[in-house]
Amino acid sequence: MERLVFALNGERHEISGLDPSMTLLEFIRTRTRFRGPKLGCGEGGCGACVVLLSRYDPVEDQVNESSANSCLVLLGSINHCSVTTTEGLGNTKNGYHAIHQRIAGFHASQCGFCTPGMCMSLFSSLVNADKDATRTEPPNGFSKITVSEAEKAISGNLCRCTGYRPLIDTCKSFAADVDLEDLGLNTFWKKGDKEPSVAKLPNYSVGAVCTFPEFLKSEIKSSINILKEHKLEITENGWHRPNTIDGLYALLNSSSISASNVKLVVGNTSSGVYKDQDLYDKYIDLRGIPELSVIKRSDDGVEIGSAVTISRVIEILRDDKKSTLVFSKLADHMNKVASQFVRNIASIGGNLILAQRNQFDSDIATILLAVRSSVTIHSGSERVTLSLEEFLEKPPIDNQTLLLSIFIPSWASYNNVLFETYRAAPRPLGNAVAYVNSSFLAQIAPDKETGEIFLDNICLTFGAYGTEHATRVRKVEDFLKGKKVTASVILEAMRLLREMIVPRDGTTHPEYRVSLAVGFLFKFLSPLAKDLPQPEKLVNVEDTNGTINRGKFDESDKALRHGHDVSISSQQEIVLNFEYKPVGEPIQKAGAELQASGEAIYVDDIPSPNDCLYGAFVYSSKPLAHVKEINFKSSLASKKVISYVSAKDIPKGGKNIGVEFMSGSEPLFVDSLAEYAGQPLGVVIAETQRYANMAAKQAVVDYSMDNLEPPILTTEDAVQRESYFEVPPMFYPKQVGDFAKGMSEADQTIESAEVKLASQYYFYMETQTALAVPDEDNCMTVYTSSQCPEMAQSHIAMCLGIPFNSVRVITRRVGGGFGGKAFRTLMVSNACAVAAHKLRRPVRMYLDRKTDMIMIGGRHPMKVYYTVGFKSDGKVTALHLDLRMNGGISPDVSPLLPGAVIAALKKYNWGNLSFDIKLCKTNNTSKSAMRGPGDVQGSFIAEAIIEHVASVLSVDTNVVRRKNLHDHESLRVFFGDQVAGEAPTYTLPSIFDSLASTPSYEARADTVKKFNRVNKWKKRGISCVPITYKVSVRPTPGRISVLNDGSIIVEVGGIEIGQGLWTKVKQMASYSLKELWENETEKLLEKIRVIQADSFSLIQGGITGGSTTSESSCEAVRLACSILVERLKPLKDKILAENGVVSWEALIGKAAMQNVNLSASSFWVPEQSTSAYINYGAALSEVEIDLFTGATTILRSDLMYDCGKSLNPAVDLGQVEGGFIQGVGFFMYEEFLTNSDGLAISDSTWNYKIPTVDTIPKEFNVEFLNNPHNKNRVLSSKASGEPPLLLASSVHCAMREAIRAARTEFSSSGSGGSALTFQMNVPTTMPMVKELCGLDIVEKYLESLA
């Protein structure tokens, strides 16, 4: 390829001298002005980089559009394509697109980093729906997309902030079949409007965006003849696109290729799974070979070329006029593989090659194997057709063997064919590798007289269970052939299957995977067994197109069942407060449209200065070892290394400090002794971030363990070796009462019960990043994504040995923080600054997701033993905790956590409370503050204890909860008078009662019991959990400056991290200035701009965290505004007296002429007596668990939260919903695993699963308690950022109730404990749910029938 021509947002780009390894994302972000697509993972797993990729077919005169991961698409592969980013939809200059406006109006953007990708996924869905000529034309303003499709439009995109509900509402607003009244809080119509109309929404016009410019169509048409005559040329830039198979082999055998690092590509999605370990200098694009894109239909099936995308295969299987049940179910299953934007570029052949060569856990291989598919390969000089089974069992093939096509039989000519596919994965809608996938095809012979069914032929395939590739279980097949399907036959088949499904060593959850395989076989066969009692046998045997039309499995009493594909619904009950207008109004978040259009600037969006270099960390892989030497492999990537920065490069007078705390520090770089896996050894410097990242992988570290003790990795190790951090007395919580006396009053006791809580990774969408630019006079300017720029300033200065006033730190906005960008981010900004100081050139770092997950740490793991005494009515009299917290290698904020744990635990009146808390120092990455640090663990520990008490007494857990809630007097005993506040502010009992002590709750609880009685393989649970959350407001600066034209600049110490701080501050400034311009607060609001944090402009900003920075910043601004009002009010009154009227502009102009100071600063210091207060809330959640897989569906969650008088209900609603869903991740999904050395192995989107749009509650309701009694708070408001995360424990508790129902049904003790009492650790993932229900319950059930 001599030159590359494509369009980007309608602009022509022509490139020669292409770097063949450059991705489309890298090109867009580094070579153009567009910054909309973001790098969130580089794996195709998050959707932040999604663009619309359009291709033109000149023969059909047709444009085909699809979403694509620009982080995986290689630039060389988009010749003659058109690329549209979110800026191409609309922008500040040309006007925003309806998608941007609706995202903003439905309050669906918080930190905003994921928003551009969300916009493009939605736009792609709209474009493709609207092109479908078979669909009915929608009313004006709507798309042809359906509500069901709209909900799935963003199913592959990750968001850590919003909780997805407002994003779903945005998507649904485009669907013609939506009921607009069902959509949530928005700015387009007010709550209670009788007729919300599409006319009130920003207008959506089909075809308004040109996705493929005419000039590019003309170029393609004029080049058709040239392309036909084009012969293969070997060019210097390394990108090759042969157009024949012979040409490919000529290329592979040429001297220039054989001596190179060469990669054959179609969609390049494999690089998202198997990260390249070195650079490639030659790429061969296989899509130019027509034979690899063939689609040939016949009566027997369809042959599909290996380069055909998975999305296209799904279309072929669904659209075939002779489509059979086999094809339909294959397509449905493939639709759960990866996400839409990955399927759009990934090829079916690539998927099978990964399964064959790399032992990838492919669903596609498993399901195609069951239908007896075959493949044609080109090996050497011959073509060979093999069964898929033979192909998978061959030794791993090399580049000399080419997969040409796959033939998929239709089975249309066969009668009585039964076909099913199954998978169990952490997420329902895909984008997750399965624990087990399976597919079963059988030909059956029904006996017309008896109704019994015989198996004539059967094929059973399994994959992903810890096997090298998908396999057939022939021993089970042979056993079943010819047999009548009965309960005893099924049981024997399952026993045989257990012998054959043997996960290899190192496979996680091996027993669970075996149990899954057995359960899937039972699900397939049991409807065919006449002797199985109802409701298990639900099957309609009828011959339709040669297939068996099966009824749905286990679906008795349909009135009780929620369809898991039902539309997600929600309600928001919010009382608006106009007392302090515009404070209290649900106005749109400041900058939301900018975020949606991709124009909001994050640190990595700042254009690189001239001569900018890039850094990537080299980190230790050992937990405790001497670092003897660091070398680099001889490779293409290592040749890109410009410099290596280590502890030796700390300037004279500087300190090797990564993070410094009151009780110790952590070094920036290892000097000689590495103390934990993931500790920075140094930084590789290269000319691009990609080169730096790849070069860092080339590091070879020589370690020595001589004269070293074994590392301390667990709290048990720490206790044994007495390795602890000291908790200063001022931070150690106070005990309550006399534990021994309380135990003596108890009727019953529980002794030394245990509960464990694992860690959780922050998973902010924007990874850690910084840009350091050397300035004059030995100064340094650093742009960093930090929750505490002031601390970054001091640490950089200490590292470099220069005064603080020589370091300027700027933070505009942060793409998600959650505590992870408070202290842990200092490592990155410090390293950038040291490298820039050494090289005297700008240096920037943007951590790849794996490095971020390995180095940055997360939530504190904890292990708790509790002893509790209680009365026979459930009233607790005494509680003692032995709490062990894993703090990692340095103290960080860990000394603050004991107080937080105990404060959250104190939500109940324990009578007498004592504890022994050990803060363990271990050879792990330091654990730091993460949203709700300590509180989320403490609140859950309290629930585990209450549930244990209730199970011992065999009473309703909610009865025990209610009995142990505080009255105001006991609240004062446990929290103290100042924190407890006045009696009217204690709203928790009324909140709890409104959820759990109503006829509605009783009816729902009865329905759950009825459901569990009649459903054997699905169980439900319902639970209501109260929370308390103690917060403290902190001193904060604020400044307001009015410019000569009347526009206003506001500065605050707090950082905008998505929590809506800027929005609330703008509202407060407008309210506080209204004395100067009555009745024009809306106009004032438009004049206000909150600007970025700058350590040279506003000092003592402190840290943004603890949920109270917004209200503190608002109060600081209010004070600053009051100073300004005091200055300007006399002048305003004078002008008013003279002229009878005064405009804002005239007032400011007159003030400027009279030299009135138009800038006012404040530093708000809260009164000590009222600085701390308690937040209250409760959540009622209902779940359904699948006993075959352990999968949990959250059917409904009702959240009630006391926000006081909310400063902005829309912002606070987003915080409540987003916090809750992040908590769901902690309690249900997010396994942050490490290896035996403590190195994180949950290090990518492939193996760390945060909640997605398909995992949120099917019904998601939030109500704010309008509590006007908080007179000591800022305009009677309360915090909303962190407390709602604790409400997610209601889901965990509901899961326990469902598991308890399952254990009772099967009289199972599962993995430990009795049927009612069992230990249920956090997170409770699918494998744990299944284990607690019993891994052998299906066999036990069949044995009981015998």
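Above this text you will find the structure in question.
Summarised in this report is the structure supplied together with it. This is a predicted model, so every value here is computed, not measured. All residue numbers refer to position in the chain's written sequence, counted from 1. Restriction of local features to residues with pLDDT of at least 70 applies here, the model being predicted, together with a cutoff of 80 or more for giving and counting side-chain atom pairs; totals for whole chains, interfaces and linings are based on all residues. Only heavy atoms go into the side-chain values, all of them from the structure, while hydrogens and water stay out.

### Some remarks on the overall build of the chain
Our working definition: A run of H or I in DSSP becomes a helix once it reaches four residues, and a run of E becomes a strand once it reaches two; helices and strands are each numbered from the N terminus. Between the two quantities, the radius of gyration covers C-alpha atoms and the globule rule is 2.2 Å times the number of residues to the power 0.38. Burial here depends on accessible area, computed with a 1.4 Å probe over protein chains only, as a share of the maximum for the residue type. Under 20% is buried, over 50% is exposed, and the range in between is partly exposed. Should any heavy atoms of two residues lie within 4.5 Å, those residues are counted as being in contact. A residue counts as positive if it is Lys or Arg and as negative if it is Asp or Glu; His and the chain ends are not included. Each charge is placed at NZ for Lys, CZ for Arg, CG for Asp and CD for Glu.
Scanning the chain for helices and strands turns up 42 helices and 46 strands. In summary, the chain has a C-alpha radius of gyration of 32 Å against a globular reference of 34 Å for 1346 residues, a match within 12%. Along the longest, intermediate and shortest principal axes, the C-alpha atoms of the chain span 95 × 80 × 75 Å. Per-residue burial for the chain yields a buried fraction of 64% across its 1346 residues. Of all intrachain contacts in the chain linking residues separated by at least 6 positions in sequence, the fraction that spans at least 24 positions is 77%. Of the charged side chains in the chain, 140 are positive and 154 negative; the average position of the first set lies 1 Å away from that of the second.

### Thoughts on the side chain of Lys906
Defined as follows: Here, a salt bridge means any Lys or Arg side-chain nitrogen found within 4 Å of an Asp or Glu carboxyl oxygen. The definition of a polar contact used here is a pair of N or O atoms within 3.5 Å, where within protein one atom must be able to donate a hydrogen and the other to accept one, and adjacent residues in sequence count solely through side-chain atom pairs.
Structurally, Lys906 is set in the loop between α28 (897-905) and β37 (913-920). The buried charged residue Lys906 lacks any salt bridge partner; its closest oppositely charged side chain belongs to Asp935, at an N-O distance of 11 Å. A distance of 3.0 Å separates a polar side-chain atom of Lys906 from the backbone oxygen of Phe974. In contact with Lys906, not counting residues within four places along its chain, are Lys734, Val736, Leu913, His966, Phe974 and Phe975.

### Points about the pairing of strand β11 (residues 374-379)
The condition that has to hold: When DSSP finds two or more bridges between a pair of strands, those strands are recorded as paired.
The element β11 is extensively covered by neighbouring structure, given that five of its six residues are classed as buried. Across six bridges, the pairing between β11 and strand β12 (residues 382-387) is antiparallel. What sits directly across from Thr376, in β12, is Thr385. Counting the residues between successive antiparallel strands, the hairpin from β11 to β12 contains two residues, one of them, Gly380, with a positive phi of roughly 70 degrees. Strand direction decides the pairing type here: β11 and strand β13 (residues 401-409), joined by six bridges, are antiparallel. If you follow Thr376 over to β13, its bridge partner there is Ser405.

### Quick look at a negative patch on the surface
Test applied: Patch rule: a residue counts if its relative accessible area is over 30% and it has no salt bridge; like charges are joined within 9 Å, and nonpolar side chains (Val, Leu, Ile, Met, Phe, Trp, Tyr) within 5 Å. All accessible areas in this document rest on Shrake-Rupley with a 1.4 Å probe, and a residue is counted as covered only by the protein chains that are shown.
Taken together, the side chains of Asp179, Glu181, Asp182 and Glu195 present a region of like negative charge at the surface. Within the secondary structure, Glu195 is located in the loop between α6 (165-172) and α7 (214-222). On the basis of relative accessible area, Glu195 is assigned to the exposed category, the value being 67%.

### Observations regarding helix α40 (residues 1289-1305)
We apply this condition: Expected helix span is taken as 1.5 Å per residue step, with the number of steps being one fewer than the number of residues.
The terminal C-alpha atoms of α40 lie 24 Å apart, and with 17 residues this matches the ideal 24 Å at 1.5 Å per residue to within 8%. Ser1307, located one to two residues past α40, shows a positive phi value of around 45 degrees.

### Considering the sheet that holds strand β21 (residues 613-619)
Applied cut-off: In this analysis an axis means a line fitted to C-alpha atoms, helices contributing only their contacting stretch, and an angle means the value between N-to-C directions, from 0 to 180 degrees.
Ordered in space as β23-β27-β21-β34-β31-β32-β33-β42, the eight strands form an open sheet in which the pairing is mixed. Only two strands of the sheet have a single partner each, and these edge strands are β23 (643-645) and β42 (1093-1094). Direction of pairing for strand β32 (residues 779-784) relative to strand β33 (residues 807-811): parallel, over a ladder of four bridges. Bridging across to β33, Met780 finds its partner in Val807. Contacts from helix α22 (residues 689-696) reach β21, β27 (680-686) and β34 (843-846), with the element oriented near 20 degrees to β21.

### Looking at the sheet that holds strand β39 (residues 1036-1042)
Strand order in the open sheet made by the four strands is β41-β40-β39-β43, with mixed pairing throughout. The open sheet has two edge strands, β41 (1088-1090) and β43 (1159-1164), and neither has a second partner. The sheet shows a mean angle of 15 degrees between the axes of neighbouring strands, taken without regard to direction. Of the pairings in the sheet, the one linking β39 to β43 comprises six bridges and is antiparallel in character. Directly across from Thr1036, in β43, lies its bridge partner Trp1164. Across the sheet, helix α35 (residues 1061-1072) is in contact with β40 (1048-1052) and β41; its angle to β41 comes to roughly 145 degrees.

### Remarks on unusual backbone geometry
Excluding glycine, a negative phi dihedral is what most residues carry, and trans is how most peptide bonds are arranged. Cis peptide bonds are those with omega within 30 degrees of zero, and the linkage from Lys581 to Pro582 qualifies with 5 degrees. Relative to the helices and strands, Pro582 resides in the loop between β20 (569-573) and α21 (592-596). With an omega of 0 degrees, the peptide bond between Val1322 and Pro1323 qualifies as cis. Along the chain, Pro1323 falls in the loop between α40 and α41 (1326-1333). The residue Leu1275 is not glycine, and still its phi comes out positive at about 50 degrees. Within the secondary structure layout, Leu1275 lies in the loop between β46 (1259-1265) and α40.

### With respect to the pattern of salt bridges
Under the criterion given, the structure shown has 77 salt bridges. Close ionic contact of Lys38 with Asp605 constitutes a salt bridge, the shortest N to O distance being 3.5 Å. Here the residue Lys38 occupies a position in the loop between α1 (24-31) and β3 (50-57), and Asp605 occupies one in the loop between α21 and β21, the gap between them amounting to 567 residues. Of the charged contacts in the structure, one is a salt bridge between Glu1051 and Arg1039, with a shortest N-O distance of 3.1 Å. Here Arg1039 lies in strand β39 and Glu1051 lies in strand β40, a separation of 12 residues in the sequence. Exposure class is identical for Glu1051 and Arg1039. Each is buried. A network of salt bridges, in which partner residues are shared, links Arg29, Lys38, Asp604, Asp605 and Arg844.

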